[in-house]
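Coordinate analysis (summary)
Single-letter residue listing:
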Amino acid sequence: MNGFDWNAAGEVLPLLLEGFEVTLLATVLGTLVAAVLGLAVAVAGRAPSRLVTVPVRVVMEFVRSTPLLVQLVGAAALFTSVEPLTIGIVVLGVHYAAYTSEVYRAGIDGVPKGQWEACRALSLPPRRTWQAVILPQAVRNVLPALGNYAISMFKETPFLAVITVHEMVFEARQYGAENFGYYTEAFTLAGLIFLVASYPTSLLMRKLEKRLGH
């Protein structure tokens, strides 16, 4: 590559790997928040009372209708005493929960009506119905979609740089600014690390989707 400084690349790589650890941590914890909160929202959306369903729907529509970048900056401005990484994880989780809730909803709606009728015929309490019958089937059907959202979250972690989270892109930009503009080397390596980490995962999700589809 013309003009590519391999010495600078070797120098920035350890910094990028440190940033990658933060990126991975934010992705894993953010995905857990999105998975749990999204499921809670999907179940709450089927509540019989509009006092529950309407506020949940309004909040989720607000989250879906505003950019992640705006949510990050707004949360950082409101919660100045909270660690930026914590804010980033929670905002990522809430943002993607708005989408995973729709995935869960589709999975729940995809459970055959006969399953619900059988539970009622057996006089199973609602909690037992959800835990033992509905959710195991629904979650199994939506696992590939949840995995794809996790990959999308991983690729959007660079937005955390705006609230000074030292993830991988933050480290790349800071290195370029402090070392006479070696942005090409820093961002090229960062992009390659993203590719190496996300592409095999996307292939795994495709295989999982095909296997669950049979």
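Look up a bit, the structure's there.
Just so it is clear, the model here is predicted, and its values are computed rather than measured. (Residues numbered from 1 in each chain as written. Predicted model: local features only at pLDDT ≥ 70, side-chain atom pairs only at ≥ 80, totals over all residues. Heavy atoms only, no water.)

Quick look at the overall build of the chain
To keep things clear, this is the line we draw: To qualify as a helix, a DSSP run of H or I must reach at least 4 residues; to qualify as a strand, a run of E must reach at least 2; elements of each kind are numbered from the N terminus. Any residue under 20% of the maximum accessible area for its type is buried, any over 50% is exposed, and the rest in between are partly exposed; the area is computed with a 1.4 Å probe on protein chains only. Whether two residues are in contact is decided by their heavy atoms, any of which lying within 4.5 Å being enough. Per-residue and other accessible areas were derived by the Shrake-Rupley procedure at a 1.4 Å probe size, with only the shown protein chains allowed to occlude residues. In this charge count, Lys and Arg are treated as positive and Asp and Glu as negative; neither His nor the chain ends contribute. Here the site of a charge means NZ on Lys, CZ on Arg, CG on Asp, or CD on Glu.
Across its full length, the chain holds eight helices and zero strands. Walking the chain from its N terminus toward its C terminus, one meets helices and strands in the order α-α-α-α-α-α-α-α. Counting only C-alpha atoms and orienting by the principal axes, one finds that the chain spans roughly 70 × 45 × 25 Å. Counting every position in the chain, which comprises 214 residues, the buried fraction comes to 37%. Sequence-distant contacts in the chain: of pairs separated by 6 or more residues, those separated by 24 or more amount to 77%. As presented, the chain carries roughly 12400 Å² of accessible surface, and 65% of it is formed by carbon and sulfur atoms. Counting 16 positive and 15 negative side-chain charges, the chain places the averaged centre of each group 22 Å from the other.

Section: the packing of aromatic side chains
Counted only if it meets this: Stacked, tilted and edge-to-face are the three classes applied to pairs of Phe, Tyr and Trp rings, where Trp contributes its six-membered ring and a pair requires centres within 6.5 Å; stacked means planes under 30 degrees apart, edge-to-face means over 60, and tilted covers the rest.
The full count for this structure, using the stated rule, is eight aromatic pairs. Seen from their ring centres, Tyr96 and Tyr149 are 6.0 Å apart, and the 70° between their planes marks the pair as edge-to-face. Residue Tyr96 is located in helix H4 (residues 84–109), and its partner Tyr149 is located in helix H6 (residues 126–156); the two are separated by 53 residues in the primary sequence. Using a relative accessible area of 25% as the deciding quantity, one classes Tyr149 as partly exposed. Joined through ring pairs, the aromatic side chains of Phe20, Phe154 and Phe194 make up one cluster.

What to know about the nonpolar core
This is how the line gets drawn: Only buried residues count toward a nonpolar core, which is a set of Ala, Val, Leu, Ile, Met, Phe, Trp, Tyr and Cys residues joined through side-chain atoms within 4.5 Å.
Formed by 16 residues in total, the largest nonpolar core has its most connected members in Val12, Leu16 and Met168. Listing elements by their share of this core, those giving two or more residues are helix H1 (6–44), helix H7 (168–178) and helix H8 (183–213). Filtering out sequence-adjacent residues up to four positions away, Met168 remains in contact with Leu16, Gly19, Phe20, Thr23, Ala190, Ile193 and Phe194.

Some details on the packing of H4 against H6
Filter applied, for reference: All axes are obtained by fitting lines to C-alpha atoms, using only the stretch in contact for helices, and the reported angles, taken between N-to-C directions, cover 0 to 180 degrees. Here is the rule for angles: anything less than 35 degrees is roughly parallel, anything more than 145 is roughly antiparallel, 65 through 115 is roughly perpendicular, and the remaining ranges are oblique. Rotating anticlockwise by less than a right angle from the far helix to the near helix defines a left-handed crossing, while the corresponding clockwise rotation defines a right-handed one. Side-chain classes follow a simple rule in which Ala, Val, Leu, Ile, Met, Phe, Trp, Tyr, Cys and Pro form the nonpolar group, Asp, Glu, Lys and Arg form the charged group, and the remainder, Gly included, forms the polar group.
Viewed as axis vectors pointing N to C, H4 and H6 meet at an angle of 140°, and their least axial separation amounts to 8 Å. Classified by the angle their axes make, H4 and H6 are oblique. In this structure, H4 crosses over H6, and the sense of that crossing is right-handed. Counted together, Leu92, Tyr96, Tyr99, Thr100, Val103, Tyr104, Gly107 and Ile108 of H4 and Trp130, Ile134, Ala138, Val139, Val142, Ala145, Leu146, Tyr149, Ser152, Met153 and Glu156 of H6 form the full contact between these two elements. Split by residue class, the contact of H4 with H6 holds 15 nonpolar, three polar and one charged.

Function-wise, these values are silent; they only describe arrangement.
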